[in-house]
Amino acid sequence: MALVRVNPYILGLSKLLREIIILKKYVAAFPVMHEWALAEGVISTAQKYAKDNGLTKVTEVIVMIGELQQVEHEIIEFALDQLRTPFMKDTKFVIKSKAAKFKCRKCSHEWNFKTGKLSEDVSEAIHFVPEMAHVYIKCPNCGSPDFDVPEGRGVWLQSIKGIKE
Amino acid sequence: MSDPRLIIIPERFKNVKNIIAVSSGKGGVGKSMISVSLTLALRDKGYSVGLLDLDFTSPSTHLILGVQGLYPTEEKGITPPITDGIHYMSIVHYSLDNPTPLRGADQSDAIIELLAITRWETLDYLIIDMPPGLGDATLDMLRLIPRINFLVVSTPSVLAFESVKKLLTLLIEQGIPIKGVIENMVLTTSIYIKQEVEKMNLTYLTAIYFDNELEAAIGYPNKLISTQFHNRIVEISGKI
Ligand SMILES: Nc1ncnc2c1ncn2[C@@H]1O[C@H](COP(=O)(O)OP(=O)(O)OP(=O)(O)O)[C@@H](O)[C@H]1O
Ligand SMILES: [Mg+2]
Ligand SMILES: [Zn+2]
């Protein structure tokens, strides 16, 4: 059964560009990545929380990463490390994954995320905008694109620990 | 706990001087055509311009621009590709021409994701082509985009204006600046819309007549800029 529909167009024309991006991804420096943008969000949010709650130091931040987006842990960790503010000089960043789950709204079928079945292009679209899953993935039982992702979408902060004066 | 994307969104727009959402309570009134035409008009005045298509279920600005196969580059986030001198972002870069069946909450999530990772260069104007109505995209713009302005489109129809009035009322209540109202697809001149708009103490920008040449200009920005339709937009582009 075909779970995934891939437009052949993107496989052709943008292949060169894509290969360059992939090359960047695995060979060149980390900070060019899209993960950087997500890490900035994490740092700013932690910073604001620390300020709002009168923390003088942030000791630990737990960041959850949903499997659906296939964010690279090392890159997020690298970016977080680079983006540390004075508040977060010694902060331990803990990165945890959450498996992605799907539940069909039409037939109630539940299934897990299998990256192996997705083409590079589809993975990449979902990597940038996880909702693109609804464009390229269908319920394996009934073929509907109308499913829920109850777990494992996006990047979010689970907890922040720190010291108050 | 917290969604780390929300706090970073205003940061992403910090290099953009003017943000204008082209919106309407009603569908099919010409928002997308006006968005593209306005972007081209401002470009031709020498401004640096961006165009963001937020109509995720039926994006159309790429069709009006006649572009295909654009792909953002990745640089500490993503950078919109440039076409016809326009920094251009649309979900079609990722969804291609496939159907995008998104429920409201998913649509909102997709918008937030895109706004959080897209880095706009220094721009004089960013034009946003909005989906019709007062749904998720509109509410998210009000919630997330600092300094947003609205340009509202109506047709001469009482039915269109009834929906438009609701959008205008919401914007006024929320203290969102409104650049003015454009009356589009006018067949016979009437003062009804102008009067209604002025009753609300808002600016009636212009009437754009129904333009038989317009359909043939879809996909060809160079043709579009020589239409009557575009001339009208050029005239008002100085006022916003
Ligand atoms: N002044 C005009 N004269 C002739 N045709 C027009 C005019 N304005 C818009 N149109 C046509 O009307 C149709 C709808 O326009 P457009 O797609 O820009 O509307 P929209 O408000 O963006 O629609 P939607 O709500 O679906 O996003 C298009 O085919 C467009 O070419
Ligand atoms: Mg439109
Ligand atoms: Zn199903």
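Description of the structure in this document. (Residues numbered from 1 in each chain as written. Chains lettered and ligands numbered in written order. Predicted model: local features only at pLDDT ≥ 70, side-chain atom pairs only at ≥ 80, totals over all residues. Heavy atoms only, no water.)

Another point: the site of ligand 1. Residues and elements named next belong to chain B. The immediate surroundings of ligand 1 are formed by 19 residues, with Gly28, Lys31, Ser32, Asn184 and Asp211 found nearest. Within the backbone of glycine 28, a nitrogen or oxygen atom sits 2.8 Å from an oxygen atom of ligand 1. Backbone polar atom of aspartate 211 to a nitrogen atom of ligand 1: 2.8 Å apart, as the coordinates give it. Protein coverage of the free-state accessible area of ligand 1, which is 640 Å², stands at 80%. The cavity where ligand 1 resides is the largest pocket. (Near = heavy atom within 4 Å. Polar contact = N/O pair within 3.5 Å; in protein donor to acceptor, adjacent residues only side chain to side chain. Areas by Shrake-Rupley, 256 points an atom, 1.4 Å probe, with all protein chains shown as cover. 1 Å grid on protein atoms, 1.4 Å probe; cavity = no way out; pocket = protein on both sides within 12 Å on 5 of 7 lines; lining within 4 Å. Sits in = over half its atoms within 2 Å of the grid points.)

Residues and elements named next belong to chain B. Taken as a whole, the largest pocket encloses approximately 420 Å³ of empty space. Lining the largest pocket are 24 residues, and of these Gly28, Val29, Gly30, Met33 and Met185 lie nearest its centre. Those elements giving two or more residues to the lining of the largest pocket turn out to be helix H2 (31-44) and strand E9 (178-186). When residues in the lining of the largest pocket are grouped by element, the largest group, three residues, is from H2. Here the residues of the lining of the largest pocket sort into eleven nonpolar, eight polar and five charged. (Points joined across faces, edges and corners; volume = space filled by probe spheres on them. Helix = DSSP H or I, 4+ residues; strand = E, 2+ residues; numbered from the N terminus. Nonpolar A, V, L, I, M, F, W, Y, C, P; charged D, E, K, R; others polar.)

All names here are of chain A. Within the protein, the atoms that donate to the zinc ion (ligand 3) are Cys104 (SG), Cys107 (SG), Cys139 (SG) and Cys142 (SG), at distances of 2.3 to 2.4 Å. One can describe the donor arrangement at the zinc ion (ligand 3) as tetrahedral, given that its four donor atoms subtend angles of 106 to 114° at the metal. Site description for the zinc ion (ligand 3): donor spacing in sequence, C-x2-C-x31-C-x2-C. Residue cysteine 104 is found in strand E3 (residues 101-104), and its partner cysteine 142 is found in the loop between helix H6 (133-136) and strand E5 (147-151); the two are separated by 38 residues along the sequence. The partly exposed category is assigned to cysteine 142, whose relative accessible area is 31%. (Donors = N, O, S within 2.8 Å, 3.2 Å for Na, K, Ca; no water. Tetrahedral: all angles 85-135°; square planar, octahedral: opposite > 155°, others 65-115°. Buried < 20%, exposed > 50% of the residue type's maximum accessible area, 1.4 Å probe, protein only.)

Glancing now at the pattern of salt bridges. Residue and element names in this part refer to chain B. Applying the stated criterion to the full structure yields 25 salt bridges over all chains. Across the salt bridge formed by lysine 14 and glutamate 11, the nearest N and O atoms sit 3.3 Å from each other. With a relative accessible area of 56%, lysine 14 lands in the exposed category. In this structure glutamate 11 comes out as partly exposed when scored by relative accessible area, which is 40%. (Salt bridge = Lys/Arg side-chain N within 4 Å of Asp/Glu carboxyl O.)

Below, the discussion takes up the sheet that holds E3 of chain A. Residue and element names in this part refer to chain A. The three strands are arranged E4-E3-E5 in an open sheet whose pairing can be described as antiparallel. Looking at the sheet topology across the chains shown, the edges are occupied by strand E4 (110-112) and E5. Recorded for the sheet is a direction-independent mean angle of 30° between the axes of neighbouring strands. (Pairing = 2+ DSSP bridges. Axes fitted to C-alpha atoms, helices over the stretch in contact; angles between N-to-C directions.)

Moving on, we come to the sheet that holds strand E6 (residues 155-164) of chain A. Residue and element names in this part refer to chain A. The three strands lie next to each other as E2-E1-E6, forming an open sheet whose pairing is mixed. Each having just a single partner strand, strand E2 (92-98) and E6 make up the two edges of the open sheet. Across the sheet, the mean angle separating the axes of adjacent strands is 20° when strand polarity is ignored. Here strand E1 (residues 55-66) runs beside E6; their pairing, made up of nine bridges, is antiparallel. The residue bridging lysine 57 from the neighbouring strand is isoleucine 163, located in E6. Against the sheet, helix H3 (residues 35-52) makes contact with E1, E2 and E6, and its axis sits at roughly 35° relative to E6, the strand it touches most. (Contact = heavy atoms within 4.5 Å.)

Residues and elements named next belong to chain B. Helix length check: helix H7 (residues 158-173), at 16 residues, gives a terminal C-alpha distance of 22 Å against a target of 22 Å (1.5 Å per residue), a fit within 8%. For H7, every residue scored as buried is listed here: Ala160, Phe161, Val164, Leu167, Leu168, Leu170 and Leu171. Residues of H7 that are buried in the fold lie against strand E1 (16-23), helix H6 (136-144), strand E8 (148-154), E9 and helix H8 (192-199). Its side-chain oxygen placed 2.9 Å from the backbone nitrogen of leucine 159, serine 157 serves as the N-cap of H7. (Expected span 1.5 Å × (residues − 1).)

Below, the discussion takes up the interface of chain B and chain A. Chain B puts 36 residues into the contact, and the matching count from chain A is 44 residues. Interface area for chain B against chain A, summed over the two sides, is near 3500 Å², with a carbon-plus-sulfur share of 62%. At the boundary of chain B and chain A, one finds five salt bridges. Measuring nitrogen to oxygen at the nearest pair gives 3.0 Å for the salt bridge that ties glutamate 113 of chain B to arginine 153 of chain A. Between chain B and chain A we count twelve residue pairs in polar contact (both at pLDDT 80 or more) in total. Those elements that place two or more of their residues in the side of chain B that touches chain A are helix H4 (92-95) and helix H5 (104-117) of chain B. The leading source of residues in the side of chain B that touches chain A is H5 of chain B, at seven residues. Looking at the side of chain B that touches chain A residue by residue, the classes come out as 17 nonpolar, seven polar and twelve charged. (Buried area = accessible area lost by both parts, 1.4 Å probe.)

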